[in-house]
Amino acid sequence: MLIKILIITGSLYFVLCALLYVFQEYLIFFPTKLAKDHRFQFDQPFEEVNIIAKDKSLLHGVLFKAERSRGVIFYLHGNAGAIDSWGEVARTYTDINYDVFLLDYRGYGKSEGVISGQEQLFDDIQTAYDSLKARYAEDKIIVLGYSIGTGPATKVASANNPRLLMLQAPYYSLTDMMRRTYPIIPTFILKYKFETNCYLKACKMPVVVFHGNQDEVIYYESSVKLKTVFKPQDTLITLEGQGHNGITDNPVYRMELQKILTN
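Presented here is a report on the structure given in the accompanying data block. Just so it is clear, the structure is predicted and the values come from calculations on it, not from any experiment.

## Examining the sheet that holds strand β9 (residues 207-212)
On the basis of which strands lie adjacent, the open sheet formed by eight strands has the order β2-β3-β6-β4-β7-β8-β9-β10 and mixed pairing. Each edge of the open sheet carries a strand with a single partner, namely β2 (46-52) and β10 (235-239). Taken over all neighbouring pairs, the strand axes of this sheet differ in orientation by 20 degrees on average, direction set aside. In terms of strand pairing, strand β4 (residues 72-76) meets strand β7 (residues 141-146) through five bridges, oriented parallel. Note on β7: the bridge partner recorded for V72 is I141. Relative to β4, helix α5 (residues 118-133) is tilted by about 165 degrees, and along the sheet it contacts β2, β3 (58-64), β4, β6 (99-104) and β7. Along the sheet, helix α6 (residues 150-158) contacts β4, β7 and β8 (164-168); its crossing angle with β8, the most-contacted strand, is approximately 170 degrees.

Shown next, in the form of C-alpha cells:
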C-alpha cells in the first residue's frame, strides 16, 4: 500500500511539473488583447508605432511626446493589461520633458503573436530598442522596467549603452522567485529565468532601483540582494510603506525622479 501511494504521488507530481512546463506562459503573462482599429483616448500627444520583429510579426507601441523633449524613456510594463491602461504612466515623464515609448509584448494590445520563449521576447525588445536608436541618440535613451519588465529591461540595457537603467520593484531572478514561492517545484522547468542579477553585472550605465518595502508580489529583499552586484554608482531607493502597485504615483519616487532626470 505504501509503495502504491508513493507511485501515485510521484506520478501526480510528475504530471503537475509537466503541466507547469507546458502552460507556464499562462501563469506568467496576462495580456489584454486590443483590436487593430482600437482608438486610444490619451489626453496628450502620442504616436502609434509598428515594429517588424525578426519573424515578421508586427509589434505595437505608443510614443508619447513631451513639449521640449530631453530624451526618451523606454518603458517595459508589467505582466498584465496593455498600453490602453499602462499609458497613464506617461504623463509623469512627459511633464519633466521626456518622451515615453511603451511597447506591448507579443499577444498584448495590438502586438501580434504570442510569447513562446525567453530569447524570442528578448529579441523583440532589442528590435524595439533599435527602432528607438533610429530616432534618438543612445545617450538620450533611458530604459525603465517595472515588475516582470525589470528582467528584460536589464537584459536590453546590458547589451546596449543607454544613459540610465531604472527598475521599479525588480526580482533577483525568476528562478529565485520560484524557489521562494513554490519551493517544491524544480526550477529547471522554468523557461523564463530572467536573471536580473546576472544581467546587471554587464550594465555599464548607472542603475537606479526603486522598491517598496511592503511589496506583496515581489519581495523587497530581492532588491537588497541585487545590491551585491551593484557598481559604486548604482543606487537602491527604498519606498517606505509602498506596495507593489502605484510606484509611479509615490511622492518620494516622483521627488527622486526629478533629481535624477533633471540634472
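## Overview of the pairing of β2
Bridge count between β2 and β3: seven bridges; the pairing is antiparallel. Within the sheet, the bridge partner assigned to I51 lies in β3 and is L59. Between β2 and β3, which follow one another and run antiparallel, lie five residues, and K56 among them has a positive phi close to 75 degrees.

## Describing the nonpolar core
Counting 53 residues, the largest nonpolar core has F29, F74, F101, L103, L165 and F194 as the members making the most contacts within it. Excluding its chain neighbours within four sequence positions, the residues that come into contact with L103 are I51, L59, H60, G61, F74, Y75, L76, H77, I83, I125 and A128. Core analysis: the second largest hydrophobic core is formed by 32 residues, V62, L144, I237 and I260 among them.

## Focus on the pairing of β8
Burial runs high along β8: five of the five residues are buried. Of the two faces of β8, both are covered, the one formed by L164, M166 and Q168 as well as the one formed by L165 and L167. Pairing of β7 with β8 involves five bridges; the strand directions are parallel. The residue of β8 that forms the bridge with G145 is L167. Between β7 and its parallel partner β8, the chain crosses via α6, and the hand of that crossover is right-handed. In this sheet, β9 lies alongside β8 in parallel orientation, the contact comprising four bridges. What sits directly across from L167, in β9, is V209.

## Some thoughts on the packing of aromatic side chains
Summed over the entire model, instances satisfying the criterion amount to 17 aromatic pairs. Here F40 and F46 contribute two aromatic rings whose centre-to-centre distance is 6.4 Å and whose plane-to-plane angle is 90 degrees, an arrangement assigned as edge-to-face. Here the aromatic rings of F210 and Y253 are separated by 4.6 Å at their centres, their planes lie at 75 degrees, and the arrangement is edge-to-face. Separated by 43 residues along the polypeptide, F210 in strand β9 and Y253 in helix α10 (residues 251-261) bring together distant segments of the chain. Y253 gets classed as buried once you look at its relative accessible area, which sits at 0%. Grouping aromatic residues by their ring pairs yields a cluster made of F29, F122, Y171, Y192, F194 and Y199. Across from the ring centre of Y219, 3.9 Å away, lies the NZ or CZ of R180, which sits over that ring. The side chain of K225 reaches across the aromatic face of Y172, ending 4.7 Å from its centre.

The rules behind the values
Residues numbered from 1 in each chain as written. Predicted model: local features only at pLDDT ≥ 70, side-chain atom pairs only at ≥ 80, totals over all residues. Heavy atoms only, no water. Pairing = 2+ DSSP bridges. Helix = DSSP H or I, 4+ residues; strand = E, 2+ residues; numbered from the N terminus. Axes fitted to C-alpha atoms, helices over the stretch in contact; angles between N-to-C directions. Contact = heavy atoms within 4.5 Å. Core = buried A, V, L, I, M, F, W, Y, C linked by side-chain atoms within 4.5 Å. Buried < 20%, exposed > 50% of the residue type's maximum accessible area, 1.4 Å probe, protein only. Right-handed = clockwise from strand over helix to strand, strands pointing away. Phe/Tyr/Trp six-rings, centres within 6.5 Å; stacked < 30°, edge-to-face > 60°. Lys NZ or Arg CZ within 6 Å of the ring centre and 35° of its normal.

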